[in-house]
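As a plain string of letters, each chain reads:
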Amino acid sequence: MARAIVNVPPKAKHGDVFEIKALIQHEMETGFRVDNMGKVFPRDIITDFVCKYNGEEIFRAELFPAVAANPFFSFFTTATESGAVTFEWSGDNGFSATASRNIVVE
Amino acid sequence: MKRGAVIALLAIWSGGAATAAEIPLSERKSGYEFMGGEARAMQDDDTANPAMLWVLDGEALWSRKQGEAGKSCADCHADAQASMKGVTARYPAFDAARARPVDLEQRINICRTEQQKATPLPFESKELLALAAYIAMQSRGMPIEARDDEHLAPFLRAGADMFKLRQGQLNLSCAVCHDDNWGRKLAGAPIPQAHPTGYPLYRLEWQTLGSLQRRLRNCISGMRAETYAYGAPEYVELELYLMWRARGMKIETPAVRP
């Protein structure tokens, strides 16, 4: 599975706004590049990213060929309850990766 | 009389060249200082720095058994956090068996072929960059050592000569940009001082991690000169000089550059 680095604070106070960061290793081959012989490198990109907080979707993104390699997302949410923040990436050629972090809300 | 004029002109010429001096130690700046805030933030935060993906790969490779000998890096060197601390700060280093300096990537491959009995990793392969980044990161924050090694002296001189050698269709030397014109712009981008403090580093233009040799090849082809093959002694000599030139500056690996 592709290597991912996700960052969720381990603890937060109820009602606090906190930052979530997610970085994943992927070449994001656009499908527009050609080799020396003019042959196209087939497109191979991540197409979808979803983040859920205790099963509830809090962030979703569609990715396209113009997104750079190793896509990085940073976004904010409000601490409501303790639980798991899960991340899912999916894309071309059956690409799939997941990650999860627990947060304790006091 | 005419000959006298030519000699006078030569004197002016060489005098002019002599003013193109090395950067005083106190005025040296890492490429980091020429970057914008966003790129700096990316380098400063290990959870946003894409080079960390390679570092984590390198950490996994460190303890993976390789080759006919069935040994991992960790079998000989144990914990990299202790054994590799400060190593990058003194590379390229003199290799007695080869009677010449080798850089970190070459050292990794010497270990692979001689100790692990494995095939050498190709230059710029993901594995080699990952191991180099993991090893180099153990020296993060440490100053680059100025080595007074008599074995290295002739290679250091060769590297310094190459730095000042005008070459290619544009008739440029490394020094023309990085000693004489740093801080000015080249095609809209600031010209840095060329201190190799963060290699291997993540270059946004490359969208991947790359070695110092890849960067040197970039510059050399930009001068419209012939590049050497990866691993060529000319590169290692130039790397040696660049590290000496950056002596005392802090290792930033894994750095981010635009």
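Residues numbered from 1 in each chain as written. Chains lettered and ligands numbered in written order. Predicted model: local features only at pLDDT ≥ 70, side-chain atom pairs only at ≥ 80, totals over all residues.

Draft legend 1. Spotlight on the interface of chain A and chain B. On the side of chain B, 9 residues touch chain A, which itself brings 10 residues to the contact. Partitioned by chemical class, the residues of the side of chain A that touches chain B number 5 nonpolar, 3 polar and 2 charged. (Contact = placed C-beta atoms within 7 Å. Nonpolar A, V, L, I, M, F, W, Y, C, P; charged D, E, K, R; others polar.)

Draft legend 2. Spotlight on the environment of alanine 160 of chain B. Residue and element names in this part refer to chain B. Of note, alanine 160 is situated in helix α8 (residues 153-164). The partly exposed category is assigned to alanine 160, around which 19 C-beta atoms lie within 10 Å. Along the backbone, alanine 160 and alanine 189 are 29 residues apart, and their C-alpha atoms lie at a distance of 25 Å. (Helix = DSSP H or I, 4+ residues; strand = E, 2+ residues; numbered from the N terminus. Buried ≥ 20, exposed ≤ 12 C-beta atoms within 10 Å, placed from the backbone.)

Draft legend 3. Representation of the sheet that holds strand β2 (residues 11-12) of chain A. Residue and element names in this part refer to chain A. Strand order in this open sheet of 5 strands is β2-β8-β7-β4-β5, and the pairing throughout is mixed. This sheet does not close on itself; its edge strands, each paired only once, are β2 and β5 (56-62). Of the strand pairs in this sheet, strand β4 (residues 46-53) and β5 are connected by 6 bridges, and their pairing is antiparallel. By the bridge assignment for β5, cysteine 51 is matched with phenylalanine 59. (Pairing = 2+ DSSP bridges.)

Draft legend 4. Spatial organisation of unusual backbone geometry. All names here are of chain B. Note that the residue after tyrosine 91, namely proline 92, is joined by a cis bond; omega there is -5°. If you trace the backbone, proline 92 turns up in the loop between α5 (80-83) and β1 (93-95). Cis geometry is adopted by the peptide bond preceding proline 254, which originates at threonine 253 and carries an omega value of 0°. Inspection of the secondary structure puts proline 254 in the loop between α11 (233-245) and β7 (256-257). One non-glycine residue with positive phi stands out, namely alanine 187, at about 50°.

Draft legend 5. Broad picture of helix α6 (residues 104-114) of chain B. Along α6 of chain B, the positions that sit buried rather than exposed are Leu104, Glu105, Gln106, Asn109 and Arg112 of chain B. Residues of α6 of chain B that are buried sit in contact with β2 (100-102) and α7 (126-137) of chain B.

Draft legend 6. Inspection of the nonpolar core at higher detail. Residues and elements named next belong to chain B. Ala51, Trp54, Ala132, Ala133, Tyr134, Ile135 and Ala136 are the most contacted members of the largest nonpolar core, which has 64 residues in total. Looking at this core element by element, the count peaks at 10 residues for α7. Excluding residues within four positions of it along the chain, tyrosine 134 makes contact with Val55, Gly58, Glu59, Trp62 and Ala80. (Core = buried A, V, L, I, M, F, W, Y, C linked by C-beta atoms within 7 Å.)

Draft legend 7. Spotlight on α7 of chain B. Residue and element names in this part refer to chain B. With 12 residues, α7 should cover 16 Å at 1.5 Å per step; its first-to-last C-alpha distance of 16 Å lies within 8% of that length. Counting buried positions over the 12 residues of α7 gives 10, a clear majority of the element. Regarding α7, the residues found buried are Leu128, Leu129, Ala130, Leu131, Ala132, Ala133, Tyr134, Ile135, Ala136 and Met137. In the core, the buried residues of α7 are packed alongside α3 (51-62), α5, α6 and β6 (208-210). (Expected span 1.5 Å × (residues − 1).)

Draft legend 8. Local environment of the pairing of strand β3 (residues 17-24) of chain A. In terms of strand pairing, strand β1 (residues 4-7) of chain A meets β3 of chain A through 4 bridges, oriented antiparallel. For isoleucine 5 of chain A, the partnering residue across the bridge sits in β3 of chain A and is leucine 23 of chain A.

Draft legend 9. Representation of the environment of threonine 47 of chain B. Relative to the helices and strands, threonine 47 of chain B resides in the loop between α2 (37-44) and α3. Classification of threonine 47 of chain B by C-beta neighbours within 10 Å gives partly exposed; the count is 15. Sequence separation between threonine 47 of chain B and glutamine 167 of chain B is 120 residues, and the spatial gap between their C-alpha atoms is 41 Å. Apart from residues lying up to four places away in sequence, threonine 47 of chain B is in contact with Ile5, Asn7, Lys21 and Leu23 of chain A.

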